[in-house]
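# Structure at a glance
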Amino acid sequence: MRALTWQGKRDVKVENVPDPRIEEPTDAIIRVTSTGLCGSDLHLYEVLTPFMAPGDILGHEPMGIVEEVGAAVPDLQVGDRVVVPFQIACGNCWMCLTGLPTQCETTQVSSEGMGAALFGYTRLYGAVPGAQAEYLRVPQAQYGPIKVPEGPSDDRFVYLSDVLPTAWQAVAYAGVPKGGSVAVLGLGPIGDMACRIAQVQGAGRVFGVDLVPERLNRAKQRGVETFDLRSFDDEKELVAAIRDQTDGRGPDAVIDAVGTEAHGSAAARMVQNASALLPRKLSGPMAERFSVDRLAALYTAIELVRRGGTISISGVYGGMADPMPMLTLFDKQIQMRMGQANVRRWSDEIIPYLTDEDPLGVDDFATHRVPLDEAPRAYEMFQKKQDGAVKVLIKP
């Protein structure tokens, strides 16, 4: 089959690789009909290279048609249309039963000290072949795949794999009170969708912050009060402008949908880039012990949120030596929640919104749709924020 493979920093290409096959009775094989390019894929493209190996298959946002089913997968049949969550979980362990499939005790990558295995996301998460490919082996298929009806286009359902549950959890963790206020830092796919979810769930005011004109315009068209980072000389000016809209206190909650690739933090960027250039035997151990993040967005969230408010982090961070302003966090009594989205915990709540009325705007959420062979160019375009790229769907 054809699949998109990682070859090095900013170097991905489509190659012929062996077809996946059933390896365990709980496996299924799907033919991928749509798969997303995620902002966290760019971390593999740019920042997390010490944990990748040439030939790794990328991608973790798939949907498709079931082609083959293992003997221990009773609820799937060949021909079923399914969305596959980005994490791999059993559904039966203590963590899964308490709503934390990202911490699944069956698939935890304990050798790396990490949580549940993920598709296409470094050796830290199991080095499982990813979904930007023609076919995908789905472990733990007795639990993971979400069956969806025939009829509507893939765009209606594909975001159940990651974007929708990640944004949904971000809003849930933010705990925005009815009629309250929330600021979303970063209006990429997750931040954009988090704004939409906050609105339909009753937030009184939703502020969106970014510096990409197309992203700002897109959010503004849906009623988000947008702030262009380029219009402010520094973080304090931005914080003051949003506080002016919230009786001087700051919003009730802030969602950091940016993560480690925030603009700013020049020193941290230098360290990240230097680590990626080291020989593989050195770069991995160094990154595991001494990695740092670009924390500009998180520092802004801490400064911006009102006293006693909540910060919800959905942007991916990977640092092990990050400095945190503990005095400020403690003094302001800030609550923080974060983590990979627990897809199956939220999917049943989300599906009723995927109706013909389309209140979340999923049908036209994608800005670009490309065939698999054009995926390398799509990565470059998305990483450089070219051509108005906000969300890219790949059609194998």
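Residues numbered from 1 in each chain as written. Predicted model: local features only at pLDDT ≥ 70, side-chain atom pairs only at ≥ 80, totals over all residues. Heavy atoms only, no water.

The protein has the name Glutathione-dependent formaldehyde dehydrogenase in an unreviewed UniProt entry, where Streptomyces pimonensis is given as its organism. Under Cofactor (unreviewed entry), UniProt gives the following word-for-word description of the protein: "Zn(2+)". In UniProt, the protein has this text filed under Sequence similarities (unreviewed entry): "Belongs to the zinc-containing alcohol dehydrogenase family." (UniProt positions renumbered as here; feature names shortened; annotations may be inferred.)

## Topic: the overall build of the protein
Looking only at helices and strands, the protein has twelve helices and 15 strands in total. Its C-alpha atoms give the protein a radius of gyration of 20 Å, near enough to 21 Å, the size a compact globule of 396 residues would have. A principal-axis box enclosing the C-alpha atoms of the protein has dimensions of 60 × 50 × 45 Å. Contacts in the protein between residues at least 24 apart in sequence constitute 73% of all its contacts with a sequence separation of at least 6. Carbon and sulfur atoms make up 51% of the accessible area of the protein, which totals about 16,500 Å². Side-chain charges in the protein split into 39 positive and 51 negative, and the spacing between the mean points of these groups amounts to 3 Å. (Helix = DSSP H or I, 4+ residues; strand = E, 2+ residues; numbered from the N terminus. Rg over C-alpha atoms; globule rule 2.2 N^0.38 Å. Contact = heavy atoms within 4.5 Å. Areas by Shrake-Rupley, 256 points an atom, 1.4 Å probe, with all protein chains shown as cover. Lys, Arg positive; Asp, Glu negative; His and termini not counted. Charge placed at Lys NZ, Arg CZ, Asp CG, Glu CD.)

## Re the environment of Glu68
Residue position: Glu68 is located in strand S4 (residues 62-69). Residue Glu68 is classed as partly exposed on the basis of its relative accessible area of 40%. Residues Glu68 and Val78, spaced ten residues apart in sequence, show a C-alpha to C-alpha distance of 5.8 Å. The residues contacting Glu68, other than those within four sequence positions of it, are Ile22, Ala28, Ile29 and Val78. (Buried < 20%, exposed > 50% of the residue type's maximum accessible area, 1.4 Å probe, protein only.)

## Concerning the UniProt feature "domain: Alcohol dehydrogenase-like N-terminal" (unreviewed entry) in the protein
According to UniProt, the "domain: Alcohol dehydrogenase-like N-terminal" (unreviewed entry) feature falls on residues 25-146. Within the segment residues 25-146, helix and strand shares are 8% and 21% respectively, and the terminal C-alpha atoms sit 18 Å apart.

## Some details on the pattern of salt bridges
Here the structure, examined in full by the defined rule, presents 22 salt bridges. With a closest N to O distance of 3.4 Å, Glu67 and Arg31 form a salt bridge. Taken together, the residues Glu67 in strand S4 and Arg31 in strand S3 (residues 28-37) connect sequence positions 36 residues apart. With a relative accessible area of 33%, Arg31 lands in the partly exposed category. One network of salt bridges, with partners in common, ties together Glu23, Asp27 and Arg137. (Salt bridge = Lys/Arg side-chain N within 4 Å of Asp/Glu carboxyl O.)

## Structural notes on the sheet that holds strand S12 (residues 310-313)
A sheet is described by the order of its strands in space; here six strands give the open sequence S10-S9-S8-S11-S12-S13, paired in parallel fashion. What marks the edges here is a single partner per strand, and that holds for strand S10 (225-228) and strand S13 (335-338). Each strand of the sheet is rotated relative to its neighbour by a mean of 20°, with strand direction disregarded. Sheet analysis places strand S8 (residues 181-185) next to strand S9 (residues 205-210), joined by five bridges and oriented parallel. Looking across to S9, one finds that Val184 is bridged to Gly208. Seen against the sheet, helix H9 (residues 296-304) touches S8, strand S11 (253-256), S12 and S13 and runs at an angle of roughly 165° to S8. (Pairing = 2+ DSSP bridges. Axes fitted to C-alpha atoms, helices over the stretch in contact; angles between N-to-C directions.)

## Let's talk about the nonpolar core
Counting 71 residues, the largest nonpolar core has Leu4, Leu58, Tyr159, Leu164, Met193, Ile255 and Tyr379 as the members making the most contacts within it. In terms of residues, this core owes the most to one element, helix H3 (residues 163-174), which gives eight residues. Residues within four places of Met193 in sequence aside, it is in contact with Val163, Leu164, Ala167, Leu360, Val362 and Phe365. Ranked by size, the runner-up nonpolar core spans 21 residues in total, among them Phe227, Phe232, Val254 and Ile313. (Core = buried A, V, L, I, M, F, W, Y, C linked by side-chain atoms within 4.5 Å.)

## Topic: the packing of aromatic side chains
Two aromatic rings are characterised by how far apart their centres lie and by the angle between their planes. Counted according to the given criterion, the structure contains five aromatic pairs. Over the aromatic face of Phe365 sits the side chain of Arg218, whose NZ or CZ is 4.7 Å from the ring centroid. One Lys or Arg, Arg337, reaches over the ring of Tyr173 and ends 3.8 Å from the middle of that ring. (Phe/Tyr/Trp six-rings, centres within 6.5 Å; stacked < 30°, edge-to-face > 60°. Lys NZ or Arg CZ within 6 Å of the ring centre and 35° of its normal.)

## A look at the layout of surface pockets
The volume enclosed by the second largest pocket comes to roughly 240 Å³. The wall of the second largest pocket is formed by 15 residues, among which Met1, Pro18, Pro20, Ile57 and Pro129 lie closest to the centre. Counted by class, the lining of the second largest pocket contains nine nonpolar, two polar and four charged residues. (1 Å grid on protein atoms, 1.4 Å probe; cavity = no way out; pocket = protein on both sides within 12 Å on 5 of 7 lines; lining within 4 Å. Points joined across faces, edges and corners; volume = space filled by probe spheres on them. Nonpolar A, V, L, I, M, F, W, Y, C, P; charged D, E, K, R; others polar.)

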